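The lines below spell out each chain.
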Amino acid sequence: MEKFTTHTGIGVPLRQSNVDTDQIIPAVYLKRITRTGFEDALFAGWRKNDDFILNQEPFNRGSVLVAGPDFGTGSSREHAVWALKDYGFRVVLSSRFADIFRGNSGKQGLLAAEVAQDDIELIWKELENHPGTEITVDLAAKTVMCGTITAPFEIDDYTRWRLLEGLDDIGLTLHHEAEITSYEATRPSWKPKTLPAKV
Amino acid sequence: MAGNTAGRTLAEKVWEAHVVRRGEGEGAARQPDLLFIDLHLVHEVTSPQAFEGLRLAGRKLRRPDLTIATEDHNTPTLDIDKPIADLTSRTQIETLRTNCREFGVRLHSLGDAEQGIVHVVGPQLGLTQPGMTVVCGDSHTSTHGAFGALAFGIGTSEVEHVMATQTLSLKPFKTMAINVEGTLRPGVTAKDIILAVIAKIGTGGGQGYVLEYRGSAIRALSMEARMTICNMSIEAGARAGMVAPDQTTFEYLKGRPHAPEGADWDAAVEYWQTLHTEDDAEFDAEVFLDASTLEPFVTWGTNPGQGVSLSEAVPSPDDFADENAKAAAERALAYMGLEAGTPMKEIPVDTVFLGSCTNSRIEDLRIAADIIRGRQKAPNVRMMVVPGSARVRLEAEAEGLDQVFKEFGAEWRFAGCSMCLGMNPDQLAPGERCASTSNRNFEGRQGKGGRTHLVSPVVAAATAVRGTLSSPSDLDPVTNDAATRSAA
């Protein structure tokens, strides 16, 4: 995974709560077996509407999405994160993220930064009054800067460390393979196995 | 798995029994624990990129014997003996088959008697058992918590992580008790309990928590009904929901293909009986619900928290104080084509969908069949019945339920996720309104422009008779003996 330290890019105000992953990427796009090439699928339903924010200059060039509370609810599809990244987003700001979405973001180097709703409202106003305003996100300092606004954000320390270092989860876990093997030896024999198959 | 259980909740006990390595540090700075995963369920949609990741890194699947796959999201529910018409769907299914062959994963393919929705298949084979950790690249993995397992959905990166290591790196969840006391009234079911819970705590209310459903109303429920409740924990924002195992759980499991036998059964039951929250345990949050006051519940909006009792009317955006909730209600009403103040029972539907991992088990089909038996379907309503698994379909056919549905004029389909998310041809047309026993009423979820009302199988069946959202109490009585059997 690429290291994430700071990012500066155009902010996109998405004044909506409960943006579920079916909106971020509709199910029809989940049939692909690749991990890239999902940029056309991002918000595919909403993008058919000319008024949608990503159909407007300069927001179509945005890389920091500023959304309402409960972003990424619903389906566990990591395709939602892939689609946001493929489109060009590096950061999503929201006052509350769904757990699975936040986890998936952390694995893929998309920063899900939790910003208080009051600050989100200020940033929305700034971005709407001055379209094209850039937002700078500093992961080490855990701050977001937009125009004259500086706001703190929350992210769990472990995810922050992994993003800053660009560390691969599986590689980290495999350092502890001996402990996994010892644990396996302690499991009761009656725990079910899928093989051989019984039907 | 022994250790000090004083003061522990069910979720904490199961968690601690699976810690391979405790995260260093304390409090907020504590690193994640490494947690062993007992069962990994796999389907075609969220696995191809994970298998590819293993291949690219030259890694093996660590425990094929703790992994099982089935085809469900893309599979057609008609003409299953023919090649899948949609080429991208077909490719995805074929990719799963190739991957399972290459990595030695047991797969139940379309046409196999054990094929079906992944969350119906695991319990029915007896692979889901109390005290286990169960994961799947699907948010409705919470279903398996009905057995007292810690079960939750994961993304594809985590799928790959489990494949390579049989573990997950996770921070402990907080715990929330959902106490449901009292007796449900006739016609009120588990689906109404969970929809009421979601409406009460909101779609983000359970975020960061494991929900434990407790109380006399939960104890009185069958395993199928408990699965319905745990299934929709994710709709309240919680990754997992649990019910402590009891005699109902053990009776459901006994004799299933992968349930322990003989001395193993005794050892397992002895352990399972320790899996309950201790009296001196404390939850991080508690919610109370009186089951005896609940009515059939139905959603009016585009998230599962936007629901009301069936006897109420469509709310007005002005009923919401919070600005975001008000805006969300406005948007939802526009999308749903509804006017504030319309009684829910006057809303006509085009389609009734009985299916999905929430409500497609044999009990759900029996309940619906009991209501429609001897009655006429409303002429303009299409009803689709999609059993959760090929096994459920066979069971229903052995009981003659397929005949009840067919005589009523419903379509009797093959097993799969079907119209819950419309990845196969089973989709709503733009503007089409559906009473659905599934779990998500998001915009476009069941087909672009489709309008979803989440309901119980009881309400689904009554709605198919009357043509508008209804409960059995709204129906004219039938004289046929079979049809008057209790619907509760």
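Here the residue numbers are simple positions, counted from 1 along each chain's written sequence. Lettering of chains starts at A and numbering of ligands starts at 1, both following the order in which they are written. With pLDDT at 70 or above as the cut-off, local features in this predicted model cover only qualifying residues; side-chain atom pairs require 80 or more to be listed or tallied, and sums for whole chains, interfaces and linings still use all residues. To obtain the side-chain values, all non-hydrogen atoms of the structure were included, while hydrogens and water were left out.

Enquirer: I'd like a rundown of helix α5 (residues 156-165) of chain B, residues and numbers included.
Expert: All names here are of chain B. Burial within α5 is extensive, with 10 of its 10 residues counted as buried. Classification of residues uses two cut-offs on accessible area relative to the type maximum, computed with a 1.4 Å probe and protein chains only: under 20% is buried, over 50% is exposed, and between them is partly exposed. A run of H or I in DSSP becomes a helix once it reaches four residues, and a run of E becomes a strand once it reaches two; helices and strands are each numbered from the N terminus. Inspection of α5 places Thr156, Ser157, Glu158, Val159, Glu160, His161, Val162, Met163, Ala164 and Thr165 among the buried residues, and these make up the whole buried set. A positive phi of about 60° marks glutamine 166, the residue just after α5.

Enquirer: Go over the nonpolar core with me, naming the residues and quoting the values.
Expert: Residues belong to a common nonpolar core when they are buried Ala, Val, Leu, Ile, Met, Phe, Trp, Tyr or Cys residues joined through side-chain atoms within 4.5 Å. Ranked by internal contacts, the top residues of the largest apolar core, which has 87 residues, are A:Phe43, A:Phe71, A:Leu84, A:Phe101 and B:Phe405. Any two residues whose heavy atoms approach within 4.5 Å are treated as being in contact. If we skip the residues at most four places from it in the chain, A:Phe71 touches A:Leu14, A:Val19, A:Ile24, A:Leu65, A:Leu84, A:Val92, A:Ser94, A:Arg96, A:Phe97, A:Ala98 and A:Phe101. Grouped together as the second largest cluster of nonpolar side chains are 81 residues, A:Ile170, B:Leu35, B:Val42 and B:Ala164 included.

Enquirer: How would you summarise the interface of chain A and chain B if you had to cite specific residues and measurements?
Expert: Residue-level contacts link 66 residues of chain A with 86 residues of chain B. The term salt bridge refers to a pairing of a side-chain nitrogen on Lys or Arg with a carboxyl oxygen on Asp or Glu at a separation within 4 Å. The interface formed by chain A and chain B includes 11 salt bridges. Between B:Arg59 and A:Asp168 there is a salt bridge, and its shortest N-O distance comes to 3.8 Å. Polar contact is the term for a pair of N or O atoms within 3.5 Å; when the atoms are in protein, one must be able to donate a hydrogen and the other to accept it, and sequence-neighboring residues count only if both atoms are side-chain atoms. Taken together, chain A and chain B are joined by 42 residue pairs in polar contact (both at pLDDT 80 or more). For the side of chain A that touches chain B, the elements supplying multiple residues, two or more each, are α1 (21-24), α3 (79-87), α4 (99-108), α5 (117-129), α6 (157-165), α7 (169-174) and α8 (177-186) of chain A. When residue character is reported, Ala, Val, Leu, Ile, Met, Phe, Trp, Tyr, Cys and Pro are called nonpolar, Asp, Glu, Lys and Arg charged, and the others, Gly included, polar. Looking at the side of chain A that touches chain B, its residues break down into 22 nonpolar, 19 polar and 25 charged.

Enquirer: So what's going on with the side chain of B:Glu44? Which residues, and what values?
Expert: Residues and elements named next belong to chain B. Residue position: glutamate 44 is located in the loop between β3 (39-42) and α2 (48-57). The charged side chain of glutamate 44 is buried without a salt bridge, its nearest counter-charge being arginine 97 at 9.1 Å. Among the polar contacts listed, one links the side chain of glutamate 44 to the backbone nitrogen of histidine 73, at a separation of 3.0 Å. Apart from residues no more than four positions distant in its own chain, glutamate 44 is found in contact with Thr70, Glu71, Asp72, His73, Asn74, Thr75, Gln92, Ile93 and Leu96. Just so you know, the count uses Lys and Arg for positive and Asp and Glu for negative, and it drops His and the chain ends.

Enquirer: Lay out the environment of B:Thr165 with the relevant residues and their values.
Expert: Inspection of the secondary structure assignment puts B:Thr165 in helix α5. Here the alpha-carbon distance between B:Thr165 and B:Phe405, two residues 240 residues apart in the chain, equals 46 Å. Apart from the residues lying within four places of it in its own chain, the contact partners of B:Thr165 are A:Ile170, A:Thr173, A:Leu174, A:Ile180 and B:Arg62. Only 2.7 Å separates the side chain of B:Thr165 from the side chain of B:Thr167, close enough to count as a polar contact.

Enquirer: Kindly report on the environment of B:Gly182, identifying the contributing residues and their values.
Expert: Residue and element names in this part refer to chain B. As for its position among the elements, glycine 182 is in the loop between β9 (174-181) and α6 (190-201). Residue classification places glycine 182 among the partly exposed residues on the basis of a relative accessible area of 27%. As a C-alpha pair, glycine 182 and alanine 217 span 35 residues in sequence and 5.5 Å in three-dimensional space. Filtering out sequence-adjacent residues up to four positions away, glycine 182 remains in contact with Ser216, Ala217 and Ala291.

Enquirer: Which residues make up the sheet that holds strand β10 (residues 209-214) of chain B, and what values do they have?
Expert: Residues and elements named next belong to chain B. By definition, two strands form a pair when at least two bridges between them are found by DSSP. Ordered in space as β11-β10-β9-β12, the 4 strands form an open sheet in which the pairing is parallel. Looking at the sheet topology across the chains shown, the edges are occupied by β11 (240-242) and β12 (285-290). Strand-to-strand twist of the sheet, defined as the mean angle between neighbouring strand axes without regard to direction, takes the value 20°. Note: β9 against β10, 6 bridges, orientation parallel. Note on β10: the bridge partner recorded for methionine 176 is leucine 211. Packed onto the sheet, α6 meets β9, β10 and β12 and runs at close to 130° relative to β12. To obtain each axis, a line is fitted to C-alpha atoms, and for helices this fit is confined to the stretch in contact; angles are then taken between N-to-C directions over 0 to 180 degrees.

Enquirer: Explain the packing of helix α12 (residues 362-372) of chain B against helix α15 (residues 457-466) of chain B to me, and be specific about the residues and the numbers.
Expert: Residue and element names in this part refer to chain B. Here α12 crosses α15 at 30°, and the two axes come no closer than 8 Å. As far as their axial angle goes, α15 and α12 are roughly parallel. As for how α12 packs across α15, the hand of that crossing is right-handed. Together, Asp364, Ile367, Ala368, Ile371 and Ile372 of α12 and Pro457, Val458, Ala461, Ala462 and Val465 of α15 make up the contact between the two elements. The residue makeup of the contact of α12 with α15, split by class, is 9 nonpolar, no polar and 1 charged. Each angle gets one of four labels, with under 35 degrees taken as roughly parallel, over 145 as roughly antiparallel, 65 to 115 as roughly perpendicular, and the rest as oblique. Helix crossings get a hand from a simple test, with the near helix turned counterclockwise from the far one by less than a right angle marking a left-handed crossing and a clockwise turn marking a right-handed one.

Enquirer: Any chance you could break down the packing of α12(B) against helix α13 (residues 390-398) of chain B for me, citing the residues and the numbers?
Expert: All names here are of chain B. One way to put it is that α12 packs onto α13 with a least axis distance of 9 Å and a crossing angle of 40°. As far as their axial angle goes, α13 and α12 are oblique. Along this stretch, α12 crosses α13, giving a crossing that reads as right-handed. Contacts between α12 and α13 involve Ile362, Leu365 and Arg366 from the first element and Val392, Glu395 and Ala396 from the second. Considering only residue class, the contact of α12 with α13 consists of 4 nonpolar, no polar and 2 charged.

Enquirer: With reference to specific residues and values, describe unusual backbone geometry.
Expert: Working note: non-glycine residues mostly have negative phi, and peptide bonds are mostly trans. All names here are of chain A. Following glutamate 57, the chain continues to proline 58 via a peptide bond in cis, the omega torsion being 0°. Tracing the sequence through the fold places proline 58 in the loop between α2 (44-47) and β2 (64-67). Here the amide bond leading from leucine 195 into proline 196 is cis, since omega sits at -5°, within 30 degrees of zero. Residue position: proline 196 is located in the segment after α8. In this structure, asparagine 18 takes a positive phi of about 50° despite not being glycine. Along the polypeptide, asparagine 18 turns up in the loop between β1 (6-14) and α1. Asparagine 18 gets classed as buried once you look at its relative accessible area, which sits at 18%.

Enquirer: Tell me about the sheet that holds strand β4 (residues 67-70) of chain B, and please be specific about residues and values.
Expert: Backbone-to-backbone hydrogen bonds join strands into a sheet, with any given pair of strands oriented parallel or antiparallel. Residues and elements named next belong to chain B. Read from one edge of the open sheet, 5 strands run β5-β4-β3-β6-β7, paired in parallel fashion. Looking at strand neighbours, the two that pair on one side only are β5 (106-108) and β7 (150-153), the edges of this open sheet. Along the sheet, successive strands turn relative to each other by an average axial angle of 20°, direction set aside. Relative to β7, strand β6 (residues 133-136) runs parallel, the two sharing 4 bridges. Across the sheet, the residue bridging to valine 134 is alanine 151, located in β7.

Enquirer: For the pattern of salt bridges, give the residues involved together with the corresponding values.
Expert: If you walk through the whole model with that rule in mind, you get 48 salt bridges over all chains. When the shortest N-O distance is used, the salt bridge between A:Arg102 and A:Glu114 registers 3.1 Å. Taken together, the positions of A:Arg102 in helix α4 and A:Glu114 in strand β4 (residues 111-114) put the pair 12 residues apart, joining distant regions of the chain. Since its relative accessible area comes to 26%, A:Glu114 is described here as partly exposed. One salt-bridge network, in which partners are shared between bridges, spans A:Glu177, A:Glu184, B:Arg62, B:Arg63 and B:Asp65.

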